[in-house]
Amino acid sequence: MVIVNELVKEFNPKKKEKVIAVKGISFEAKEGEIFGLIGDNGAGKTTTLRVLSTLISPTSGTVTVGGKDVVADSTAVRASLGFLSGTTGLYARLNPRDLLRYFGGLYGLVEPDLTKRINYLIDRFQIGDFADRQCDRLSTGQKQRVGLARAIIHSPKILFLDEPTAGLDVQASQGVLEFIEGARNQGHTIIFCTHIMTEVERLCDRVVILHEGRIVGSGTVDEIKAQAGEESMEKAFLKIVDYKPEAVIF
Amino acid sequence: MKHAKIIFLKELTDFLRDKRSRNSTLIMPMFIIIFLIVLLGYVQQLLGKPTNQQIDIVHSANMPVAAQQFKKILESAKFKVEMVPSVAAAKQGINDQKIKVALNFIQKDSGSPLIVDEYYDPNNQAASIPKELLDSFFRQANMQAVKVILKSHGIPSELAEPFKPVVTEVTHGKASGNQYLIGLLPYLIVVWAFYGGMGAVGDLVAGEKEKNTLETLLLTPATRTSVAAGKLLALGTLCLGSSLSSLLGVVIIGSLHLGVTKALFAQGIGITLGSFLVTLAVLLPTVLMFASLLLSISAISRNVREAYSHLAIINILVLTPAILSQFIGYTDFARSSLVSLVPVLNAANTMREALSGTYDYTAIFGTMAVNGFIGVCILIWTIKLFNREDVLLRV
């Protein structure tokens, strides 16, 4: 469903301050699985996800999403995927209903299907109480529910989720995680980026660990723990990325 | 184009829902021009009437009787006359800017002519108006006196004015508006076409980068060109809306027939169908130029703050030729074909000429072509910016 082959991404390639964010990674996320993309800050997770979602183009290598090339067929790729990150904002002066209508229109939904879909999502994510309230007046949890509804307005088969629980309280996070599990159960392919290892253990079918732009570990959660010889995913991750404790000054 | 239309409608809705933006873009231009016209009318009224001008007369012990009579004549001419005890006190009053013009009447003996010493501060702008009115009054009084003397000697009084020019106005067009308005309107129309879009610049791209909403838009099937086109249309609509709002302000205040603006609209509102069409014709490419420029600034900026720092510089580039348009009518350069090559100035000048009743089609099409060409060039550059990941995705 998502195939990444020898992906390289350089920023400022013609300048002195050239940065190679992704250094030839390859992986494959299959249909109906949650594929974890984990790593520390600067590991290349967000850059990879941006290439996968056609926001930026690869320097070299190939990426196909749902069988379509992200460079040659970028519009079709974008039409087939849903994207949500923890930092994604909403248009402050639009209300959730308008926002869903706007994105539904951009994804090619037309009446009466558009209104039906909006009403379904408002009901599904319990947005009804605040569906006509401006987005800048919503709580963080409410905004994330609207964000989720926006991400799947066009019923995408593939979801890219970049730290979707960032900044959420326990209850709101729980809602997002249940949504992800539900999406997998319905056969969606999910690429899931996170720092939170408990989420990885709970959700991910398979995982790649990125460190400084390279894949340093891959497999199921149990396989990774076994490779590292650790009982928890957090300790396994730290061992694989060769974490060295730094002096902490109080 | 379908995506561009959706984005255009969303941007417009989003913008118009913000009371502050709505007021500054669509309501303020109308109220500002109404306020300016009322102010202009008020000042014109104020300056033209002797009633509002105070003249001080030195009231010394040897003040001639003729001065007393002259005081009455000035008062009958509606001047406000005050007495000041001495020349020294008059000079002090002028220095303190409490007195604008002071007159001291001196007559050595009853047969000698009346000498009038006039005191005023040439650096005090407020004094120049009563002085001008007073000088005009003296010219007329002298003329009347000469006529009376000539008549008493049996000489035709007309000879008091041996050179009397007969003025015939030869107009090159049918201006139906006041010259003050004709000078002011094009400047405001052009300036508002720029300022109208300024309120939206921050939000359009830079604000979306800052609030992390741009990525969600770029992840939809809409192409970057559609995104740019939708945002450009919204911005252009606001620019045009602001300009037309100021024009509407003129129509409203002109239609109210207020006493204070009566003199300004004595010849009508000043906007004929022809001048309106020319204004619109040169305004549209100018709006394209401004909207493309503003959108490109929003695209290259990382956040709203950076966008407005860039705008501060662009502001000067736009304002300078716009201000020049206020004065160009006094020079022969206004009729030079080179004016058409100077963006902003060309639009204001063509509008001014049209409002004056002159339709110079070379200048009109030249202005449209130059501004349209610049607008298209900036637009192409802006679309290229939208397709550059290092521009659109940097924060």
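Check the entry above for the structure.
Because the structure is a prediction, the values reported are computed rather than measured. As a convention, each chain's residues are numbered from 1 in the sequence order in which they are written. Key to labels: chains lettered from A, ligands numbered from 1, both in the order written. Given that the model is predicted, a residue must reach a pLDDT of at least 70 before its local features are reported, and side-chain atom pairs must reach 80 or more before they are shown or counted; all residues, however, enter totals for whole chains, interfaces and linings.

Q: Tell me about the interface of chain B and chain A, residues and numbers included.
A: Each residue is represented by a C-beta atom placed from its backbone, and any two residues with such atoms within 7 Å are regarded as in contact. Taken residue by residue, the interface counts 19 residues in chain B and 21 residues in chain A. Counting only elements with at least two residues in the side of chain B that touches chain A, the list comes to helix 1 (2-16) and helix 7 (214-218) of chain B. All amino acids are sorted into three groups, where Ala, Val, Leu, Ile, Met, Phe, Trp, Tyr, Cys and Pro are nonpolar, Asp, Glu, Lys and Arg are charged, and the leftover types, Gly among them, are polar. Residues that form the side of chain B that touches chain A fall into these classes: 6 nonpolar, 6 polar and 7 charged. Only DSSP runs of H or I covering at least 4 residues are called helices, and only runs of E covering at least 2 are called strands; the numbering of each starts at the N terminus.

Q: Can you lay out the pairing of strand 9 (residues 206-211) of chain A for me, pointing to particular residues and giving the numbers?
A: Residue and element names in this part refer to chain A. One requirement defines pairing of two strands: DSSP has to find at least two bridges between them. Pairing between strand 3 (residues 34-39) and strand 9: 5 bridges, direction parallel. Paired with Gly-39 across the bridge in strand 9 is Leu-210. In the sheet, strand 9 pairs with strand 10 (residues 214-219) via 5 bridges, with the strands oriented antiparallel. Within strand 10, the position partnered with Ile-209 by the bridge is Gly-217. A loop of 2 residues connects strand 9 with strand 10, the two strands running antiparallel in sequence, and Glu-212 in this loop sits at a positive phi of about 50°.

Q: Can you explain the sheet that holds strand 8 (residues 189-194) of chain A? Please cite residues and give values.
A: Residues and elements named next belong to chain A. The 6 strands are arranged 6-7-8-3-9-10 in an open sheet whose pairing can be described as mixed. The sheet is open, and its two edges are formed by strand 6 (81-85) and strand 10, each paired on a single side. For this sheet, the mean angle separating the axes of adjacent strands, direction not counted, is 15°. Packed onto the sheet, helix 1 (residues 45-52) meets strand 3, strand 7 (158-162), strand 8 and strand 9 and runs at close to 150° relative to strand 8. For helices, the fitted line uses only the C-alpha atoms of the stretch in contact; every axis is such a line through C-alpha atoms, and the angle between N-to-C directions lies from 0 to 180 degrees.

Q: Before we move on, can you summarise the nonpolar core with the specific residues and values?
A: To form a nonpolar core, buried Ala, Val, Leu, Ile, Met, Phe, Trp, Tyr and Cys residues must be joined through C-beta atoms within 7 Å. Residues with at least 20 neighbouring C-beta atoms inside 10 Å of their own are called buried, those with 12 or fewer are called exposed, and the rest are partly exposed, where every C-beta is derived from the backbone. If you look at the biggest cluster of nonpolar residues, it comprises 151 residues, and the most contacted ones within it are Ile-191 and Phe-192 of chain A together with Ala-193 and Leu-235 of chain B. Sorting elements by how many residues they give to this core places helix 6 (residues 179-210) of chain B first, with 17 residues. With near-sequence residues (within four places) excluded, Ala-193 of chain B lies in contact with Cys-239, Leu-240, Ser-242, Ser-243, Leu-283, Thr-286, Val-287 and Phe-290 of chain B. Membership of the second largest hydrophobic core comes to 18 residues, among which are Ile-57, Val-101, Ala-102 and Leu-133 of chain B.

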